[in-house]
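Spelled out, the chains give:
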Amino acid sequence: MLRTIKPKNARSKRVLDAREPKEVEDPRTAIFVRGSHPGEKVMGVMKDLMSLKRPNAISFSKKNDIRPFEDASSLEFWAQKNDASFFVVGHSNKKRPDGIIFARTFDGKVLDMCEVGVEEYVPISAIPGPKASPGHTPLMHFASELFDAHPRYMQLKSLLLDLFSAGEIGGGIYLKGIEHVISVTIAPTPSTASASGVVGPAADSSSILPKVYLRTYTVSFQKSGQRTPYVSLSPHGPSLDLVMRRNTDPDPALLQLAMKKPKLKKKDIESGLGKRKRNQEVDDMGDLRGRIHVPKQDLSALDRSTKRAKALRKE
Amino acid sequence: MDVSSIIASEQTKQKSITVEKEIPVEVDPGLLTVTDLNLLDYDTYKQNLEEFLRSTARDGCQILVTSLFSLPVESTPEGPLAKLPEPQTQLPRSKPLPKPKAVTKWEKFAAAKGIQKTKRDKKVFDEEKQEWLNRWGRDGKNREVEQQWLTELPNNAGTVSGLFHLHLSRTEFLFYLDVDYDPIKASREERKNRIAKNEKQRMRNIEHADRAQATPAEDRKRTIEKTLAVSRMSTASMGKFEKHLDGEKKLQGVKRKATEQERKSALAIASKLDGSSKKPKPGGDDVLNVRKAIRSLSKGKGSSALVRNSQKGKPTARGKAKAKR
């Protein structure tokens, strides 16, 4: 547990105030943690996921001997210390090679975790072409009936949405600025298997859980003769083939608290939810006026450009 | 010339943006997310994985983009900005909902009385100088008296209020008058007192807010600590000889309040020591010592002798004068 800090000056007070709970939250900050033996593949996966998550990402460059499923206290400490609420932990051992753990916290406590194993991996760098600019929100695409039926996959969807998607109330999107899409598809099973109900909540064993394909594509628009363009996709990277491993479900009491919705007034949503518009005001005539800061002019610079009598020159 | 055939051929060249799905896909434009719950085709998946994934993603993406382009658009210098609706999928929060801010005593009072909050300007206009001054801070208006080089002394300078109504003698009046009265010091003291009062009120509001937000467990702990502190201080020696327990906090600022009986007896002792409540001397004050006067007039014979003498004849002139002084 961290000690409570009392701000000693206005700047640190502003920083602490920014960490206070808000009605409308900022996107989650994710910390990328290396386990004791991450391995090359996992390191690459984490690097690529981080490049998609930037700028809301913190990289821990040192190895940490942690086992989140056994003791999550380190995650909780880091969450508080860095004001982060999402973790991507990479680790690799003989029993569970190339594993990635997604964990998220609520109020400084771990809410839920999900471990996946990386089977195939194509890094961003291996795929040529322009890359998405950092801070750009991707489109998310999930394809499979299991995303609505199987609790494990529902959890994975929720975690991935929390990691990549910045759901903003009253936000907007530049239609021309759509750059990339993250697509998550669950491997289909032969129709006989799915019909007989092998895949479902009852079959909760990692050996039966089908693979998950995570692909990232660059979105490009082509003319369709209408206002809505035709979408075509080209590989962007990274490409991951994942297998489901361990998980922990959220504590129902904690989840209930986490799912509480703020009561927002419509007026507040329209006026930008208390986001301060600085140096702007509407004058009596109804015109929006901005105020800019003009720094003090360096008049000595003027001096040099004009010729002065020698007696008046400063030397 | 018939152009319909050319238009038709142009239209066939352009790709269709409509996507057919058995079950309509779930689109959440607020989260820029699309979920395709249709059963995926196992055979195409087995044949060509990458192509299968890409075509599935394209179809879903096309539906999402179509829904995004149908949103209300605001034109901005950077291009059309689509207003996103509220997300349908709810994701867990990362921090609890903010607690409502505690009301201060003044805010409570103002709400009850219907007093509207008015914003005070940071600047005030000075009529004499004809310029705007800071209300507080550097060269603030609140320090005007402290900073000006000359201050006019009012007639009642250095007096306490109500002094004029007391009908005091000159000596007594001078006794109560503050001869060292300094207007600068007085003004500064007044300002500092206002600040101190405000700080006291602020701290009290914080304390009230803390107490209101405390959980029942915290509340109980506080009461227990308070009771313990009071009981430890309630010995005749005010806890001086109490056994100190390990890990016990040192009591700070705990003062025992005296009972009414104790207060009275203590005051009585104090006044006795002070001498102010001494019984008045029999038959006299500080100016005239009656006993001494009688002894002197009767030449040491006592008051009865004096009475006898006065009945015989008129008292001596000397004696009369002395007695009257």
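Residues numbered from 1 in each chain as written. Chains lettered and ligands numbered in written order. Predicted model: local features only at pLDDT ≥ 70, side-chain atom pairs only at ≥ 80, totals over all residues. Heavy atoms only, no water.

Per an unreviewed UniProt entry, chain B is named Ribosome biogenesis regulatory protein, and its organism is Clathrus columnatus. Under the UniProt heading Subcellular location (unreviewed entry), the entry covering chain B gives this text: "Nucleus". (UniProt positions renumbered as here; feature names shortened; annotations may be inferred.)

By the naming in an unreviewed UniProt entry, chain A goes by Ribosome production factor 2 homolog and is assigned to Clathrus columnatus. A UniProt comment under Subcellular location (unreviewed entry) is attached to chain A, and it reads "Nucleus, Nucleolus". Turning to chain A, the UniProt record has this under Sequence similarities (unreviewed entry): "Belongs to the RPF2 family."

Let us now look at the overall build of chain B. If you tally the helices and strands in chain B, you get twelve helices and six strands. In chain B, buried positions account for 20% of the 325 residues. Of the roughly 26900 Å² of accessible surface on chain B, 54% is carried by carbon and sulfur atoms. (Helix = DSSP H or I, 4+ residues; strand = E, 2+ residues; numbered from the N terminus. Buried < 20%, exposed > 50% of the residue type's maximum accessible area, 1.4 Å probe, protein only. Areas by Shrake-Rupley, 256 points an atom, 1.4 Å probe, with all protein chains shown as cover.)

The next point concerns the packing of aromatic side chains. A complete count under the given rule lists eleven aromatic pairs over all chains for this structure. Judged by centre distance (5.9 Å) and plane angle (85 degrees), the rings of Phe221(A) and Phe69(B) are edge-to-face. Taken together, the positions of Phe221(A) in strand β9 (residues 212-222) and Phe69(B) in helix α3 (residues 49-69) put the pair across two chains. The lysine or arginine in question, Lys122(B), covers the ring of Trp136(B), its NZ or CZ lying 5.4 Å from the ring centre. (Phe/Tyr/Trp six-rings, centres within 6.5 Å; stacked < 30°, edge-to-face > 60°. Lys NZ or Arg CZ within 6 Å of the ring centre and 35° of its normal.)

A separate point is a positive patch on the surface. All names here are of chain B. Taken together, the side chains of Lys-105, Lys-108, Lys-197, Lys-200 and Arg-204 present a region of like positive charge at the surface. Contributing elements (two or more residues each) for the positive patch: α4 (105-113) and α7 (183-213). Top contributing element to the positive patch by residue count: α7, with three residues. Here Lys-197 lies in helix α7. (Patch = residues over 30% accessible without salt bridge, like charges linked within 9 Å, V, L, I, M, F, W, Y side chains within 5 Å. Salt bridge = Lys/Arg side-chain N within 4 Å of Asp/Glu carboxyl O. Lys, Arg positive; Asp, Glu negative; His and termini not counted. Charge placed at Lys NZ, Arg CZ, Asp CG, Glu CD.)

Turning our attention to the interface of chain B and chain A. At the interface, 56 residues of chain B touch 72 residues of chain A. On the chain B side of the contact with chain A, Phe69(B), Pro92(B) and Arg93(B) bury the most area, a combined 13% of that side's loss. Here chain B and chain A share three salt bridges between them. Here Lys95(B) and Asp83(A) are joined by a salt bridge, their closest N and O atoms 2.7 Å apart. Connecting chain B to chain A are 29 residue pairs in polar contact (both at pLDDT 80 or more). Mapped onto the side of chain B that touches chain A, the elements with two or more residues apiece are β2 (33-36), α2 (42-47), α3, β3 (73-76) and β4 (79-83) of chain B. With 16 residues, the top contributor of residues to the side of chain B that touches chain A is α3(B). (Contact = heavy atoms within 4.5 Å. Buried area = accessible area lost by both parts, 1.4 Å probe. Polar contact = N/O pair within 3.5 Å; in protein donor to acceptor, adjacent residues only side chain to side chain.)

Below, the discussion takes up the pattern of salt bridges. Residue and element names in this part refer to chain A. Taken as a whole and assessed by the stated rule, the structure comprises 26 salt bridges over all chains. Of the charged contacts in the structure, one is a salt bridge between Lys-211 and Glu-119, with a shortest N-O distance of 3.2 Å. On the criterion of sequence distance, the pair formed by Lys-211 in the loop between α5 (191-195) and β9 and Glu-119 in strand β5 (residues 109-122) is long-range, its members being 92 residues apart. We classify Lys-211 as partly exposed; its relative accessible area is 28%. What you see here is one network of salt bridges that share partners, running through Arg-28, Arg-104, Asp-112 and Asp-162.

Another aspect to go through is the side chain of Arg104(A). Residue and element names in this part refer to chain A. Following the sequence through the fold, Arg-104 ends up in strand β4 (residues 99-106). Residue class for Arg-104 comes out buried when judged on its relative accessible area of 4%. Among the polar contacts made by the side chain of Arg-104, one reaches the side chain of Asp-112 at a distance of 2.8 Å.

All names here are of chain A. The buried fraction of strand β3 (residues 86-91) is high, at six of six residues. The sheet contact formed by β3 and β4 spans six bridges and is antiparallel. In the strand pairing of β4, Phe-87 is matched with Ala-103. (Pairing = 2+ DSSP bridges.)

Per-chain confidence: chain B averages 83 in pLDDT, with 89% of residues scoring 70 or above. The model gives residues 319-325 of chain B a pLDDT under 50, and that stretch makes six contacts with residues more than four places away or in other chains. (pLDDT = per-residue confidence, 0-100.)

Looking now at the pairing of strand β6 (residues 131-134) of chain B. Residues and elements named next belong to chain B. In this structure, strand β5 (residues 123-126) lies alongside β6, joined through four bridges in antiparallel fashion. When the bridges of β6 are listed, Val-124 appears paired with Leu-133. Between β5 and β6, which pair antiparallel in sequence order, lie four residues; one of them, Gln-130, sits at a positive phi of approximately 55 degrees.

So, about the nonpolar core. All names here are of chain A. Counting 40 residues, the largest nonpolar core has Val-88, Ile-100, Phe-102 and Leu-160 as the members making the most contacts within it. For this core, the element with the most residues is helix α4 (residues 151-164), which contributes seven residues. Among all residues touching Leu-160, those that are not within four sequence positions of it are Phe-102, Met-140, Phe-142, Ser-165, Val-184 and Leu-214. (Core = buried A, V, L, I, M, F, W, Y, C linked by side-chain atoms within 4.5 Å.)

Our next topic: the confidence of the model for chain A. Per-residue confidence for chain A gives a mean pLDDT of 86; residues scoring 70 or more make up 85%. This stretch, residues 193-204 of chain A, has a pLDDT under 50; its non-local contacts, to residues over four places away or in other chains, come to 18 contacts.

Moving on, we come to the sheet that holds β3(B). The strand order across the open sheet formed by three strands is β7(A)-β4(B)-β3(B), and the pairing between neighbours is antiparallel. Single-partner strands in this sheet number two, and they are β7 (172-174) of chain A together with β3 of chain B. Between one strand axis and the next, the sheet turns through 30 degrees on average, direction left out of account. (Axes fitted to C-alpha atoms, helices over the stretch in contact; angles between N-to-C directions.)

As a further point, take the side chain of Arg191(B). Residues and elements named next belong to chain B. Considering the arrangement of structural elements, one finds Arg-191 in helix α7. Under the relative-accessibility criterion, Arg-191 is labelled buried at 9%. In this structure, Arg-191 is in contact with Asn-142, Arg-143 and Glu-146, ignoring residues within four places of it in sequence.

Attention shifts here to α4(A). Residues and elements named next belong to chain A. Between its terminal C-alpha atoms α4 stretches 20 Å, which fits the 20 Å expected from 14 residues at 1.5 Å a residue. Within α4, twelve of the 14 residues are buried, which leaves the element mostly enclosed by the surrounding structure. Of all the residues in α4, the buried ones are Arg-152, Tyr-153, Gln-155, Leu-156, Lys-157, Ser-158, Leu-159, Leu-160, Leu-161, Asp-162, Leu-163 and Phe-164. (Expected span 1.5 Å × (residues − 1).)

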